[in-house]
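Coordinates in review
Spelled out, the chains give:
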Amino acid sequence: MSLVIRSATTADVPEVVAFWAVAGENDDRPTDSEGAVVRLVERDPDALLLALNGDVLVGTVVAGWDGWRAHLYRLAVLPERRGQGVANALLDAAEERLVRLGAGRLDAMVLDGNELGQAVWRKRGFARQQRWGRWVKPVVR
Ligand SMILES: CC(C)(COP(=O)(O)OP(=O)(O)OC[C@H]1O[C@@H](n2cnc3c(N)ncnc32)[C@H](O)[C@@H]1OP(=O)(O)O)[C@@H](O)C(=O)NCCC(=O)NCCS
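Summarised in this report is the structure supplied together with it. All figures in this text were calculated on a predicted structure; none of them were measured in a lab.

1. Describing the sheet that holds strand E5 (residues 106–108)
Read across the open sheet, the five strands follow the order E1-E2-E3-E4-E5; overall the sheet is mixed. The open sheet has two edge strands, strand E1 (4–7) and E5, and neither has a second partner. Between one strand and the next, the sheet's axes are offset by a mean angle of 25°, whatever the strand orientation. Note that strand E4 (residues 70–77) and E5 share three bridges and pair parallel. Of the residues in E5, the one forming a bridge with His71 is Asp107. Strand contacts of helix H1 (residues 13–23): strand E2 (48–53), strand E3 (56–65) and E4, with the helix running at about 100° to E3, the strand carrying the most contacts.

Next up, the structure:
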């Protein structure tokens, strides 16, 4: 499968949000909104990477860099295009970006029950941290 990896623009946002509804890991997390993704792309135009086969969106990943930490999230591949290296191609590009920006460590959040997701991160050299857990506080507007 021929693949082009490129940064998303705000024009891609509706398609990306629709894509995540069918291709993403959507358990135990807030629902995606177009406004949130537009904010991401406007703040960091190279953070959201898309994999395209022709004009078909087949995969995404966010490679977020805040100057201190590097976070990978929203890794998703179209169900009918899985097992063909799309995630590997996206993660090659994402890791290259984050290392180039200065990151010394990369992280990804993975649901405990997501064995397929865990297999991908493990294969990429990621390992679960044993001594740290994530603490969260939802913002009430
Ligand atoms: C997880 C996901 C992104 C993988 O995408 P993909 O394009 O199929 O992955 P790739 O073909 O690039 O494979 C990447 C690596 O993952 C592993 N992998 C992929 N599919 C696998 C499977 N079914 N079983 C075990 N390992 C698998 C392989 O080790 C592979 O590396 P290798 O080819 O060098 O051996 C895809 O299944 C997906 O979108 N799942 C739903 C969303 C999700 O769970 N995202 C991850 C959130 S943490």
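2. So, unusual backbone geometry
The phi angle at Asp28 is positive, at roughly 55°, despite the residue not being glycine. Positionally, Asp28 belongs in the loop between H1 and helix H2 (34–43). The class of Asp28 is exposed, set by a relative accessible area of 74%. In the Ramachandran plot, Arg74 falls in the positive-phi region, its phi being about 55° despite a non-glycine side chain.

Rules used in this analysis
- Residues numbered from 1 in each chain as written.
- Predicted model: local features only at pLDDT ≥ 70, side-chain atom pairs only at ≥ 80, totals over all residues.
- Heavy atoms only, no water.
- Pairing = 2+ DSSP bridges.
- Helix = DSSP H or I, 4+ residues; strand = E, 2+ residues; numbered from the N terminus.
- Axes fitted to C-alpha atoms, helices over the stretch in contact; angles between N-to-C directions.
- Contact = heavy atoms within 4.5 Å.
- Buried < 20%, exposed > 50% of the residue type's maximum accessible area, 1.4 Å probe, protein only.

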